[in-house]
Amino acid sequence: MGKKKLVFVDHIFHTKSKSGDFLRKIFNQHYEIINVWVDKKLNFNKKIYNYENIFFFQIFPPINILNKLKGKNLMWAPMYDSPHYPIGFSPLIWQIAELYNFKILSFSKKITNQIKNLNIRYLDLR
C-alpha cells in the first residue's frame, strides 16, 4: 500500500526561494507530496478539493475555499512576519482556524501564545 497523499499549498515565489522545501522533506517521509502553487491573487487549483490532507504553507485560504474543504485534514504553518490582510493574527483568524479544525505548525512564540488556550491542535517548533 502506498503513502497517503498530501497537498502542499505554497506561494509561487517559494519555487525560487525554496523556503518550504525543509517541510517537504519531512512530510515526504510519510506522504506523497502534491505541490500546488498559488499566486498573489490567491487563485487556487481546484484539484485540492480531491484530497483529504492539505497543508497550507503561510497562505491562509479564503472562506469560499475553506467551505469546500470542510471536514478535510487541514494544516497551516503561519508566519508571524506575514500577517494576513485584512485581519492579521486577530482573534477572528483563530476562530476561523478553530471552526475549520486546522492543525497549526507554529514557528513563533507569539502565535503559540495566541492559540495555546484555544481549541486548536498545534505543534510549537523552532
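Residues numbered from 1 in each chain as written. Predicted model: local features only at pLDDT ≥ 70, side-chain atom pairs only at ≥ 80, totals over all residues. Heavy atoms only, no water.

## Digging into the pairing of strand 3 (residues 53-57)
Then step 1. Judged by how many residues are buried, strand 3 sits mostly within the fold: five of five residues are covered.
Then step 2. As paired strands, strand 1 (residues 4-11) and strand 3 are joined by four bridges and run parallel to one another. If you follow Val7 over to strand 3, its bridge partner there is Ile54.
Then step 3. Examined bridge by bridge, strand 3 and strand 4 (residues 73-77) share five bridges and lie parallel to one another. Following the sheet pairing, Ile54 is matched in strand 4 by Leu74. (Buried < 20%, exposed > 50% of the residue type's maximum accessible area, 1.4 Å probe, protein only. Helix = DSSP H or I, 4+ residues; strand = E, 2+ residues; numbered from the N terminus. Pairing = 2+ DSSP bridges.)

## Here we look at unusual backbone geometry
Then step 1. Although it is not a glycine, Leu42 adopts a positive phi angle of roughly 55°.
Then step 2. Position of Leu42 among the secondary structure elements: in the loop between strand 2 (31-38) and strand 3.
Then step 3. On the accessibility criterion, Leu42 (33% relative accessible area) is partly exposed.
Then step 4. Not every positive phi belongs to a glycine, and Asn101 is a case in point at roughly 60°.
Then step 5. Along the polypeptide, Asn101 turns up in the loop between helix 4 (91-99) and strand 5 (103-106).

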